[in-house]
Amino acid sequence: MSAFRQIEMSAFGNKVFITKEVKTMKECISMIIKELDRLENISQLECDNITQQQAADYLSLTNRQVRRILNNYKSQGAMGLIS
């Protein structure tokens, strides 16, 4: 399951703005394309749709870096992926 159930995306230059609605609160996160790719791959990894090695290969990272990013994602959500 993705971290964002309802997503509204708009692009300005090289940034993508993602809006997530949580009941009555609205959260807006600004991500660059690289971070958006990380979000997609790490959420796929969390759902066991891809392996850690596949995520590492796609993102050009080591397994250790992917584990660190996954832990950040689990504890902080999408905010944990922003550099």
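Residues numbered from 1 in each chain as written. Predicted model: local features only at pLDDT ≥ 70, side-chain atom pairs only at ≥ 80, totals over all residues. Heavy atoms only, no water.

Chemist: What is the right way to look at the side chain of Glu35 in this model?
Modeler: By the element assignment, Glu35 lies in helix 1 (residues 33-46). Of the residues examined, Glu35 reaches a relative accessible area of 6% and is grouped as buried. Setting aside residues no more than four positions away along its own chain, Glu35 makes contact with Ser30, Leu81, Ile82 and Ser83. (Helix = DSSP H or I, 4+ residues; strand = E, 2+ residues; numbered from the N terminus. Buried < 20%, exposed > 50% of the residue type's maximum accessible area, 1.4 Å probe, protein only. Contact = heavy atoms within 4.5 Å.)

Chemist: Help me out: how do you make sense of helix 1 in this one?
Modeler: Three or four residues apart is the spacing at which side chains of an α-helix point the same way, because the helix has 3.6 residues per turn. The terminal C-alpha atoms of helix 1, which comprises 14 residues, lie 20 Å apart, in line with the 20 Å expected from a rise of 1.5 Å per residue. Of the residues making up helix 1, those classed as buried are Glu35, Leu36, Arg38, Leu39, Asn41, Ile42, Ser43 and Leu45. Within two residues after helix 1, Asp48 carries a phi angle of roughly 65°, on the positive side. (Expected span 1.5 Å × (residues − 1).)

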